[in-house]
Structure formats: C-alpha cells, structure tokens
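# Analysis of the macromolecular model
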Amino acid sequence: MSSTSDEPQGTAALLVNPRGQYLLHLRDANKPHICDPGTWSIPGGGREGNESAGEAIARELREETGLTVPLEPFTVVDCVGADGRTEGRIQVYLGAWDGDADGLPLTEGIMLRWFDAATTAHLTMCSWTQEVIDRHRARVADPGASATEPAGGPGPGGRACPHIIGVHLYLEHEGRVLLGLRHPDSVFGASHHHLLAGHCERESAIACLIREAREEAGLRIGAADLELAHTVHVVDPPGSRPRMQLVFRAHRWEGTPEVLEPDKCVGWDWWPAKALPEPIVPYARAAIEGIRAGRRYTEMGWS
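An account of the accompanying structure is given in this report. Throughout, a residue's number is its position along its own chain's written sequence, starting from 1. Confidence filtering applies because this is a predicted model: local features only for residues at pLDDT of at least 70, side-chain atom pairs given and counted only at 80 or more, and all residues used for totals across whole chains, interfaces and linings. Values shown for side chains rest on all heavy atoms present in the structure; no hydrogens or waters enter the calculation.

It is worth spelling out the environment of Glu215 at this point. Mapping Glu215 onto the fold places it in helix α5 (residues 205–217). Since its relative accessible area comes to 33%, Glu215 is described here as partly exposed. Between the C-alpha atom of Glu215 and that of Glu261, which follows or precedes it by 46 residues, the distance is 7.5 Å. Whether two residues touch is decided by their heavy atoms; if any such pair falls within 4.5 Å, the residues are in contact. Other than its neighbours up to four places away in sequence, Glu215 contacts Leu260 and Glu261. Under the DSSP-based scheme used, a helix requires at least four consecutive residues in state H or I and a strand at least two consecutive residues in state E, with every element numbered from the N terminus. Here the term buried applies to any residue with accessible area under 20% of the maximum for its type, exposed to any over 50%, and partly exposed to those in between, with areas from a 1.4 Å probe on protein chains only.

Between 30 and 60 degrees the pair is tilted, below 30 it is stacked and above 60 it is edge-to-face, where a pair is any two Phe, Tyr or Trp rings, Trp via its six-membered ring, whose centres lie within 6.5 Å. Across all of its chains, the model carries three aromatic pairs by this definition. Taking 4.9 Å as the distance between ring centres and 75° as the angle between the ring planes, the aromatic pair formed by Trp40 and Phe115 counts as edge-to-face. Of this pair, Trp40 sits in strand β3 (residues 40–41) while Phe115 sits in strand β7 (residues 111–115), and the two are 75 residues apart along the sequence. In this structure, Trp40 and Phe115 share a single accessibility class: buried. Ring centres 5.7 Å apart and planes at 20° place the aromatic pair Trp97 and Trp114 in the stacked group. One end of the pair, Trp97, is in the loop between β6 (86–96) and β7; the other, Trp114, is in strand β7, and 17 residues separate them in sequence. For the pair formed by Trp97 and Trp114, the shared burial category is buried.

What follows is about the pattern of salt bridges. We count a salt bridge whenever a side-chain nitrogen from Lys or Arg sits within 4 Å of a carboxyl oxygen from Asp or Glu. With the rule as written, the count across this model stands at 19 salt bridges. It is possible to trace a salt-bridge network through shared partners that takes in Glu48, Glu51, Arg59, Glu60 and Glu63.

Moving on, we get to helix α6 (residues 282–293). In an α-helix there are 3.6 residues to a turn, and that puts residues three or four apart on one side. Between the first and last C-alpha of α6 there are 16 Å, a value that for twelve residues agrees with the 16 Å anticipated at 1.5 Å per step. Those residues of α6 that fall on the buried side of the exposure criterion are Tyr283, Ala284, Ala286, Ala287, Ile288, Gly290 and Ile291. Against β8 (164–170), β10 (176–182), β11 (193–194), β13 (226–234), β14 (243–250) and β16 (297–300) lie the buried residues of α6. Once α6 finishes, Gly294 follows within two positions and takes phi at roughly 85°, a positive value. Multiplying 1.5 Å by the helix residue count minus one yields the expected span of that helix.

Two strands are said to pair when DSSP picks up at least two bridges between them. In space, the five strands of this open sheet follow the order β12-β8-β14-β13-β16, with mixed pairing throughout. If you trace the sheet from one side to the other, it starts and ends with β12 (196–199) and β16, each paired once. Pairwise comparison of adjacent strand axes, ignoring direction, gives a mean angle of 25° for this sheet. Relative to β16, β13 is paired through four bridges, and the arrangement is parallel. In the sheet register, Val232 faces β16, and the bridge partner there is Thr298. With axes taken as lines fitted to C-alpha atoms, and helix axes fitted only over the stretch in contact, angles between N-to-C directions fall between 0 and 180 degrees. Its contacts with the sheet place α5 against β8, β12, β13 and β14, and it is angled at close to 125° to β12. Of the strands in this sheet, β8, β13, β14 and β16 are in contact with α6, which crosses β13 at around 130°.

Take the nonpolar core next. We define the nonpolar core as a collection of buried residues of types Ala, Val, Leu, Ile, Met, Phe, Trp, Tyr and Cys that are connected through side-chain atoms lying within 4.5 Å of one another. Grouped together as the largest cluster of nonpolar side chains are 20 residues, with contacts concentrated most on Leu14, Leu24, Ile42, Ile90, Val92, Trp128 and Val132. When residues of this core are traced back to their parent elements, those giving at least two are β1 (10–16), β2 (22–26), β5 (71–80), β6 and α3 (127–139). Filtering out sequence-adjacent residues up to four positions away, Val92 remains in contact with Ala12, Leu14, Ile42, Glu72, Pro73, Phe74, Thr75, Val77 and Val132.

Its 13 residues give helix α1 (residues 53–65) an end-to-end C-alpha distance of 18 Å, which sits within 8% of 18 Å, the value for a rise of 1.5 Å per residue. Where α1 is concerned, the buried positions are Ala53, Ala56, Ile57, Arg59, Glu60, Leu61, Glu64 and Thr65. Gly66 lies just past α1 and shows a positive phi near 80°.

Tracing the sequence through the fold places Thr129 in helix α3. Exposure remark for Thr129: the relative accessible area of 1% places this residue in the buried category.

These figures come from the coordinates and say nothing about function on their own.
Dropping the structure here:
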C-alpha cells in the first residue's frame, strides 16, 4: 500500500503503569546512525515495506521489549534535528503495562526503566518524547486515576474508568451530509466513511470541534453556530475503554472542505442522508439516523 509524504513514517509507544510512570528506553550513545543518541526516549521505530503504522509499532514493541499490549493512537509529533529542521513525523500510540522493566528482553539500547513525569525533567530526554509526555499529562484531568488505564476498560472490582470524549461535526446541505473517507492505514475506521471528528484535549468540546474543523478540513465555524445534536455512548469493541461521542450540528460555516490531514482522511464528500455510503463507522451511522429521527441519545456495545 502506498503512502503519502505527509504520513508519519515513524512510530512509538508510550506505556504507562498504574502509578502514572512511563516506560523509557535509554538509546545507545556510540553506535552510528542512532537517532537522538544517549537520550531517554520511548520504544518505537520506522515503518517497513507496506506496514501500516499500527502494524509497525506492534512489531517494534515486540522486537525491542518482547511486549504485546493493546495500543490506541494518541498523538503525532515532529522529529526535529539538531539544525532545527523537521526530519519526520512520528505516530505515537498509548498503552498500559505494569511489569518489571529489568525483566524485559532488551535487544536495542542500554536499558529500560520506569520514570514518573517529574523525574523526566532531570533526564537527558529526546525532545519529542518529552513533548509526548507533556501532552499526556496535560490531557489527563486526574493524573492519579486516568494515567492508570490509558487504553483499557474498567479494572477489577468495577473501579472507575475514565471515558474518552470525542467530538464530531454534522454538516447537512440540501439533504446531504458531509463525510470523510478514512485513510486505509488508519488504526480506527480504516477505509470507512466517518464524520469529521477529534478527541478533546485540555479544551472545551466546542473549542475542540472548531479547532478540528479548521485543521482537518479548512472549515471556519463560530461557537454560536454549533448545537449538540446527538450523543453516542459506545464501547467498541466490547470490553474496551468507553467513549462518549458528542455530535454537534453547525447551522453556518465558511469554507469548502479540503483534505488537510491526508494521513487521516483521503477525501471529503456530500452523501444523501437517506442513502449513506458503505462502509461507514457504525456509531456515525447511528448518530446520523438519530439526528434525522429527532433522537438525542444512543447507546452501543453495552451488555
């Protein structure tokens, strides 16, 4: 499968334990052609052949640490060289693991160790890795709780499980709804049609949607022109981390949808609301059908 120059070719895995510590990898300082030699970073590496980013990070994590853990996309960062130029983009995944770092079968670098976020400020850190940790800490509303389960469902005994909050844009024009076709290499919804969407970071849901609309499709929307049209409370697949998907309808907007993040979406199109395309992300279909039926809420995947 071919890739575009804007797609992240690097991958990395940010693993967090129940104490909110991060598994860091000390890179070799002496071998030639080592990226960021002698710094603390996180496991990962480049895509090979026709690998998707998800396949690459699963392979790299297994090769470097012997671990196979559930991962979910977290963020994309730029790898900046010593001359200040961007050398590439890295797709970072988030996962949970709680084990002995010394017991891992290290195959590259010097060592693997757990560190809390405060300690990383005193380490010689790979700059983009520090950026990833900072983003994770900023996104966690309650560091003592949600840092323990970045990618899983409720723990034993039914203890609290933080939900992921997603925002989605519902645009309808002359009976047609705007949908994007997800990139074939996308970890979520690959080659499926979906609403314009994003995850809330440290921002309000409306602020997040306004930002995502601008960054993903070049659309300009005012907060006063958005209203909450439907909510889908979904667990997909069953047992995964629950997600609250908020779908906002925009009554007015400026701009024509254009592909600005080709690693996520390969095209925007207007589809008849009564004849939605296939395949389509299931909860997106449920939200669109709910909006047209006048319903405000849907649950999916709960037993």
